[in-house]
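Spelled out, the chains give:
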Amino acid sequence: MEGLLFLAHRIPFPPNKGDKIRSFHLLRHLSARYEIHLGAFVDDPDDWQYRDALQPYCASIKLLPLHSRRAKLASLTGLLTGEALTLPYYRSRELKRWAGELAASGRVTRGVAYSSAMAQFMPATLVRRVIDMVDVDSDKWTQYAPTQRWPFSWVYAREGRKLAEWEAWVAQDFDATVLVSREEAALLQQRAPQARHKISAFENGVDAEYFSPARDYPNPYSPDVQGIVFTGAMDYWPNIDAVIWFAERILPAVRHSVPAAQFTIVGSRPSEAVRALARQPGVVVTGSVPDVRPYLAHAVCAVAPLRIARGVQNKVLEAMAMARPVVASVQAAEGIHDEAGRDFILAEGEAEFARAVVTQLQTAFYAAHARDFVLARYDWARNLTAVDPLFEQAPVVIPILETGPA
């Protein structure tokens, strides 16, 4: 088999959060056709134990520690060089040298960079270079800016501009760019029109057998509770913002109508602000749990009240796979091409969101259509076939891809 260089900003295991779910499935898919040489950063000390879990898919593995405090200090050099702060945040001479030596030796002829930050390490001499940007990350920084006070508002706005320039350059430089949804691909096409013909999308998948409502899960809720659940990494700012907004601005109105309502926040590494929400009546913060499925299976509904989001939210798809009604913001539902009102409930603003959640608590219906939709559209094996032609040596001209039934 030919060698393929796979570069990721975070170790692609365990597949327990959005970016790692996608990167792991992409890695596993490509390992069936190529000899994978994986280079990745490890930003969570607990993740070092998973190196061996990746061995079956890789011919070689290069993992490097990423210390958040040091990386943040290093990122400030971007203010002097005029580049996006994201780039020096991940900069590594060691990874650059390792990737270059692999390319020079001929052990790898193709490469995939997972996230725009990893493009800086991809040798230019490879036959085909593909980047999975996942999201147009620059737009997320632009969304952050007005929510922050100066000087962070200025820093985030600058990052949005500078990272957008980098994303457009990478899209032109690489042989192909893929994103997580048609909406993300269309946005990048607008920003990099010269590379329009090289930009496409493949959607995520869901392990529907794992996220199955048919199993008998232990009930983590008290018998007198009507559960509302949010799942996600709780050190991620958009998730933090979402649960604070829901707990403080929406939940009181929900509990006024349904006193038994309980908002359970399930996710690893909750920030201090998230942990503080547990002091509020009707809020439970679990921290990391071995299995999120019981919390989904026995919740009356799941919520995705994100006010800042990009791409497709795995938390929404997983809840739908578990046949749970989902009340989602417009931002959280972006990229999910399903019928709002049938398979998930779209809500804007505090009052509408509260009414939608109360309705779900009072009706408690089984969202079979939601699971059917996930089964029909979000299949990893099928969706990943869109990636295979991108690594062929002959240029491939591909429009924005639509996978599964519309």
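Predicted model, so just to flag it, every value in this text is computed and none were measured.

*Asks:* Just checking my understanding: could you explain the overall build of the protein for this structure?
*Replies:* Each helix and strand counted, the protein has 17 helices and 13 strands in total. For the protein, the C-alpha radius of gyration of 21 Å lies close to 22 Å, the compact-globule estimate for 406 residues. Structurally, the protein occupies a C-alpha span of about 65 × 45 × 40 Å along its principal axes. Of all 406 residues assigned to the protein, the portion counted as buried reaches 58%. A fraction of 70% describes how many contacts in the protein between residues 6 or more apart in sequence connect residues 24 or more apart. Element-wise, carbon and sulfur atoms account for 52% of the exposed surface of the protein, whose accessible area totals about 17300 Å². Taking the average place of the 44 positive charges on the side chains of the protein and the average place of its 45 negative ones, the gap between the two points comes to 5 Å.

*Asks:* So what exactly am I meant to see when it comes to the sheet that holds strand 9 (residues 261-266) here?
*Replies:* Backbone-to-backbone hydrogen bonds join strands into a sheet, with any given pair of strands oriented parallel or antiparallel. In space, the 6 strands of this open sheet follow the order 10-9-8-11-12-13, with parallel pairing throughout. Each of the sheet's edge strands pairs with one partner strand only, and the pair in question is strand 10 (283-287) and strand 13 (345-346). As judged from the 3 bridges shared by strand 11 (residues 301-304) and strand 12 (residues 326-328), these two strands associate in the parallel manner. Its bridge partner lying in strand 12, alanine 302 is registered against valine 326.

*Asks:* Help me understand the packing of aromatic side chains, please; the structure alone is not making it clear to me.
*Replies:* Aromatic rings considered in pairs are described by the distance between their centres and by the relative angle of their planes. Scanning the entire structure with this criterion turns up 19 aromatic pairs. Here the aromatic rings of phenylalanine 24 and tyrosine 57 are separated by 5.6 Å at their centres, their planes lie at 85°, and the arrangement is edge-to-face. Of the two residues, phenylalanine 24 sits in helix 1 (residues 18-31) while tyrosine 57 sits in the loop between helix 2 (51-54) and strand 3 (60-65), which places them 33 residues apart along the sequence. When its relative accessible area of 6% is taken as the criterion, phenylalanine 24 is described as buried. For tyrosine 57, a relative accessible area of 23% puts it in the partly exposed group. The ring of phenylalanine 202 has arginine 22 sitting right over it, with the charged end atom 3.8 Å from the ring centre. Note that arginine 293 overlies the ring of tyrosine 210, its terminal NZ or CZ placed 3.7 Å from the centroid.

*Asks:* Just checking my understanding: could you explain the pattern of salt bridges for this structure?
*Replies:* Opposite charge on two side chains makes pairing possible when the charged atoms of those side chains draw close. As enumerated under the stated definition, the model contains 19 salt bridges in all. Between arginine 22 and aspartate 132 there is a salt bridge, and its shortest N-O distance comes to 2.9 Å. Of this pair, arginine 22 sits in helix 1 while aspartate 132 sits in strand 5 (residues 128-134), and the two are 110 residues apart along the sequence. This pair shows no difference in class: arginine 22 is buried, exactly as aspartate 132 is. As a salt-bridge pair, glutamate 203 and arginine 377 come within 2.8 Å of each other at their nearest N and O atoms. Of the two residues, glutamate 203 is situated in the loop between strand 7 (199-201) and strand 8 (226-231) and arginine 377 in helix 16 (residues 368-377); the sequence distance between them amounts to 174 residues. The class for glutamate 203 is buried, based on a relative accessible area of 4%. Members of the salt-bridge network, linked through shared partners, are Arg10, Asp19 and Asp43.

*Asks:* Help me understand the sheet that holds strand 6 (residues 176-179), please; the structure alone is not making it clear to me.
*Replies:* The sheet built from 7 strands is open, its strands ordered 3-2-1-4-5-6-7 with parallel pairing. Each edge of the open sheet carries a strand with a single partner, namely strand 3 and strand 7. Ignoring strand direction, the axes of neighbouring strands in this sheet form an average angle of 20°. Where strand 5 meets strand 6, 4 bridges bridge the pair, whose relative direction is parallel. Bridged to aspartate 132 within strand 6 is valine 178. Contacts from helix 1 reach strand 1 (3-8), strand 2 (35-42), strand 4 (110-114), strand 5 and strand 6 within the one sheet, and its direction differs from that of strand 4 by about 170°. Helix-sheet contacts for helix 8 (residues 152-173) involve strand 5, strand 6 and strand 7, and the interaxial angle to strand 5 is about 145°.

What counts, and where the lines are drawn
- Residues numbered from 1 in each chain as written.
- Predicted model: local features only at pLDDT ≥ 70, side-chain atom pairs only at ≥ 80, totals over all residues.
- Heavy atoms only, no water.
- Helix = DSSP H or I, 4+ residues; strand = E, 2+ residues; numbered from the N terminus.
- Rg over C-alpha atoms; globule rule 2.2 N^0.38 Å.
- Buried < 20%, exposed > 50% of the residue type's maximum accessible area, 1.4 Å probe, protein only.
- Contact = heavy atoms within 4.5 Å.
- Areas by Shrake-Rupley, 256 points an atom, 1.4 Å probe, with all protein chains shown as cover.
- Lys, Arg positive; Asp, Glu negative; His and termini not counted.
- Charge placed at Lys NZ, Arg CZ, Asp CG, Glu CD.
- Pairing = 2+ DSSP bridges.
- Phe/Tyr/Trp six-rings, centres within 6.5 Å; stacked < 30°, edge-to-face > 60°.
- Lys NZ or Arg CZ within 6 Å of the ring centre and 35° of its normal.
- Salt bridge = Lys/Arg side-chain N within 4 Å of Asp/Glu carboxyl O.
- Axes fitted to C-alpha atoms, helices over the stretch in contact; angles between N-to-C directions.

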